Amino acid sequence: MELPGIGEKKAQAILDYRMQNGLFKSEADLMKVKGIGPKMLEKMKPYIIL
């Protein structure tokens, strides 16, 4: 929830996705999470470490 644009619901969606599918292999994999699209991913990129 510390990332720009990520609230409680999106944070939970990210955790749920990881529980079902394992770790993200690329930044683009985050767009498979409901509510995260290209614009949101661009805002998050400076904070993402894989």
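Residues numbered from 1 in each chain as written. Predicted model: local features only at pLDDT ≥ 70, side-chain atom pairs only at ≥ 80, totals over all residues. Heavy atoms only, no water.

**Student:** How do you make sense of the overall build of the protein when you look at a structure like this?
**Tutor:** Helix and strand content of the protein: 2 helices and 0 strands. Rg of the C-alpha trace for the protein: 10 Å, near the compact-globule value of 10 Å for 50 residues, within the 12% margin. By principal-axis analysis of the C-alpha atoms, the protein measures approximately 25 × 20 × 15 Å. Buried positions account for 26% of the 50 residues belonging to the protein. Across the protein, contacts joining residues at least 24 apart in sequence account for 34% of those joining residues at least 6 apart. Counting every atom, the protein has about 4,000 Å² of accessible surface; 57% of that belongs to carbon and sulfur. On the protein, the mean spot of the 9 positive side-chain charges and the mean spot of the 6 negative ones are 6 Å from each other. (Helix = DSSP H or I, 4+ residues; strand = E, 2+ residues; numbered from the N terminus. Rg over C-alpha atoms; globule rule 2.2 N^0.38 Å. Buried < 20%, exposed > 50% of the residue type's maximum accessible area, 1.4 Å probe, protein only. Contact = heavy atoms within 4.5 Å. Areas by Shrake-Rupley, 256 points an atom, 1.4 Å probe, with all protein chains shown as cover. Lys, Arg positive; Asp, Glu negative; His and termini not counted. Charge placed at Lys NZ, Arg CZ, Asp CG, Glu CD.)

**Student:** How should the nonpolar core be read in this particular structure?
**Tutor:** Soluble globular proteins: nonpolar side chains tend toward being buried together. Ranked by size, the top nonpolar core spans 12 residues in total: Ile6, Ala11, Ile14, Tyr17, Phe24, Leu30, Val33, Ile36, Met40, Leu41, Met44 and Ile48. The set of elements that each furnish at least two residues to this core consists of α1 (8-21) and α2 (38-44). If near-sequence neighbours (up to four positions away) are discounted, Ile48 is found in contact with Glu27, Leu30 and Leu41. (Core = buried A, V, L, I, M, F, W, Y, C linked by side-chain atoms within 4.5 Å.)

**Student:** Which parts of the structure should I look at to understand the pattern of salt bridges?
**Tutor:** Where charged atoms from two side chains of opposite charge approach closely, those side chains can pair. Taken as a whole and assessed by the stated rule, the structure comprises 3 salt bridges. Its salt-bridge partner being Glu27, residue Lys45 comes within 3.9 Å of it at the nearest N-O pair. With Lys45 in the segment after α2 and Glu27 in the loop between α1 and α2, this pair connects stretches of sequence that are 18 residues apart. Measuring nitrogen to oxygen at the nearest pair gives 3.4 Å for the salt bridge that ties Asp29 to Lys32. Here Asp29 falls in the buried class, since its relative accessible area comes to 15%. Salt bridges sharing common partners tie together Glu27, Glu42 and Lys45. (Salt bridge = Lys/Arg side-chain N within 4 Å of Asp/Glu carboxyl O.)

**Student:** In this structure, what is going on with the packing of aromatic side chains? I would like to understand it.
**Tutor:** Aromatic ring pairs: the centre-centre distance and the angle between the two ring planes describe each pair. Within the structure shown, the criterion is met by 1 aromatic pair. Taken together, a centroid distance of 5.2 Å and an interplanar angle of 5° make the contact between Tyr17 and Phe24 stacked. Note on accessibility: Tyr17 and Phe24 belong to one class, buried. (Phe/Tyr/Trp six-rings, centres within 6.5 Å; stacked < 30°, edge-to-face > 60°.)

**Student:** Help me out: how do you make sense of the side chain of Asp29 in this one?
**Tutor:** Looking at the secondary structure, you find Asp29 in the loop between α1 and α2. Of the polar contacts made by the side chain of Asp29, one reaches the backbone nitrogen of Lys25; its length is 3.0 Å. (Polar contact = N/O pair within 3.5 Å; in protein donor to acceptor, adjacent residues only side chain to side chain.)

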